[in-house]
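The chain contents come next:
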Amino acid sequence: MENQDPNRQNQRFNKNKNGKGLMMKTAIVGVVAGLIGGGISYAALDQLNNSSMNNNAAQTSISSNSSKVSKTSAKTSGSMTAAYNRVKGAVVSVINLKRQQSSGSTDFYSIFGGSDSSKSSKSNKLETYSEGSGVVYMKSNGKGYIVTNNHVVSGSDAVQVMLENGKTVNAKIVGKDSATDLAVLSIDAKYVTQTAEFGDSKTLQAGQSVIAVGSPLGSEYASTVTQGIISAPSRTITTSSNQQTVIQTDAAINPGNSGGALVNSAGQVIGINSMKLSQSTDGTSVEGMGFAIPSNEVVTIVNELVKKGKITRPQLGVRVIALDGVPEAYRSRMNIDSKLKNGIYIAQIESGGSAAKAGLRTKDVIVKVDNKPVSDVASLHKILYSHKVGDTVDVTVNRNGSEKTVKVKLQGN
């Protein structure tokens, strides 16, 4: 598995349980800032058509004895209030629970092969760590299925869901996928009062009216609805670990909206809210730029997650970090050629994995794959994900100042 640069730090702020000191938890990811990863963090743990949709727009058809989501035609409605009513009971708050933990400091070098000086301990008491949103999209085989963002539930020791009526129930993680930032949860079907329908994101046009429904700033503001338009039906963005094609909207999206619904005037979910741009690369403050994962991609991924619990993608079997994420002070200790400016440093190699079998070593720096330059994790994944598990790729590395090319048979993640 190729993990993203751990030197990218999440900015965490607090909201104590009596509502004082309300701030948001964000993650800065390259150009895209403000990955709205679960909304609010609590101090106890350290802390997003009116007229454009046509009658051929697709929606989700739910079968009571099937775990698959398919698309069928649906009628449209011109009222955004009516659209909201079609989804409000299906949009829930997702609560990420963690056990209290105290830890010592961890040296940056120790993460990449040095000694681990960290010490940590966990209590048995679960505390609310963060909150996000989710969408109930299916009721099948005694379960209600909820789609949310992977980053909303990432690292959780347990997950709960707060329904529209305020009742909180336990949820189980069915599967999750970090590359698309999607996850599926399940709850007892007896708690499901409404399921949402997916629309066809390929039919979207700039200027269409949409609403975003979720829990900005947490469950205290559950079922909040904001309105805007489709700013761009398809936009490619680059995060620290991946490239994604997303829907851009100016509907207000805030921390806690992660995993919530982006809805057209027909009341169909055409995207799962995931990110917002809060700051440009030059530090300029940005407003009205939110991003959602297109519904067509969501349908494909959630079907696979329900079926298999994971998405299998080709991997090298290494843990890496981009050179631009390595502090200068650590370069010599990590044996990085001082002349290298771009590349992917191999910090760890999976025992018995593809990279190990091909002869790659820790401290090698990947500079090319299939003769294409790689400078960050996103560019590496772009090349790898164009292949299938079992394909062989040429990997060029810098080892002790000299380049070496080896053939690596890609493994599944």
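Before any of the text, the structure's been laid out above.
Every chain is numbered independently, its residues counted from 1 as its sequence is written. Totals for whole chains, interfaces and linings use all residues, but because this is a predicted model, local features are given only for residues with pLDDT of at least 70 and pairs of side-chain atoms are given and counted only at 80 or more. Side-chain descriptors were evaluated using all non-hydrogen atoms of the structure, hydrogens and water having been removed beforehand.

J.: Where do I start with the overall build of the chain in this structure?
T.: We count a stretch as a helix when DSSP gives it H or I for four or more residues in a row; a strand needs E for two or more, and each element gets its number in order from the N terminus. A count of helical and extended segments in the chain gives 6 helices and 26 strands. For every residue, the accessible area (1.4 Å probe, protein chains only) is compared with the maximum for its type, and the residue is labelled buried under 20%, exposed over 50%, or partly exposed between those bounds. Counting every position in the chain, which comprises 413 residues, the buried fraction comes to 51%. All accessible areas in this document rest on Shrake-Rupley with a 1.4 Å probe, and a residue is counted as covered only by the protein chains that are shown. Entry remark: accessible area of the chain is about 17,900 Å², with carbon and sulfur atoms responsible for 44%.

J.: What's the story with the pattern of salt bridges in this structure? I'm lost.
T.: Between side chains of opposite charge, pairing is possible as soon as their charged atoms come close. Here, a salt bridge means any Lys or Arg side-chain nitrogen found within 4 Å of an Asp or Glu carboxyl oxygen. A full pass over the atoms with the stated rule returns 8 salt bridges. With a shortest N-O distance of 3.8 Å, Arg 99 and Asp 157 are connected by a salt bridge. Of this pair, Arg 99 sits in strand 6 (residues 91-103) while Asp 157 sits in the loop between helix 2 (150-153) and strand 9 (158-162); the two residues are 58 residues apart in sequence, bridging distant segments of the chain. The class for Arg 99 is partly exposed, based on a relative accessible area of 30%. The residue Glu 127 makes a salt bridge to Lys 125 at a minimum N-O spacing of 3.4 Å. Taking the relative accessible area as the measure of exposure, Glu 127 reaches 8% and is therefore buried. For Lys 125, a relative accessible area of 52% translates into the label exposed.

J.: Please explain the environment of Glu 287 as it appears in this structure.
T.: Secondary-structure assignment places Glu 287 in the loop between strand 17 (268-276) and strand 18 (290-294). Classification of Glu 287 as exposed rests on a relative accessible area of 66%. Separated by 11 residues in sequence, Glu 287 and Lys 276 have C-alpha atoms that sit 8.7 Å apart.

J.: Explain the side chain of Asn 398 to me, please; I cannot follow it from the model alone.
T.: Following the sequence through the fold, Asn 398 ends up in strand 24 (residues 392-399). For Asn 398, a relative accessible area of 7% translates into the label buried. Here the side chain of Asn 398 touches Gly 401 through a polar contact of 3.2 Å, landing on its backbone nitrogen. In what follows, residue pairs with any heavy atoms lying within 4.5 Å of each other are defined as contacts. Once you skip the residues sitting within four places of it in the chain, Asn 398 turns out to touch Asp 337, Leu 340, Lys 363, Asp 364, Val 365, Val 367 and Glu 403. Definition of a polar contact: a pair of N or O atoms within 3.5 Å, with one able to donate and the other able to accept a hydrogen when the atoms are protein atoms, and with sequence-neighbouring residues admitted only if both atoms are side-chain atoms.

J.: What exactly am I supposed to notice about the pairing of strand 24 here?
T.: As a general feature of sheets, a regular strand has side chains that alternate between the two faces. Burial analysis of strand 24 places 6 of its 8 residues in the buried class, the great majority of the element. Being paired, for any two strands, means DSSP has found at least two bridges between them. Of the strand pairs in this sheet, strand 22 (residues 365-369) and strand 24 are connected by 4 bridges, and their pairing is antiparallel. Among the inter-strand pairings, Lys 368 is bridged to a residue of strand 24, identified as Thr 396. Relative to strand 25 (residues 402-409), strand 24 is paired through 8 bridges, and the arrangement is antiparallel. In the sheet register, Thr 396 faces strand 25, and the bridge partner there is Thr 405. Once strand 24 ends, the chain turns through 2 residues before running back antiparallel as strand 25, passing Asn 400 with a positive phi of about 55°.

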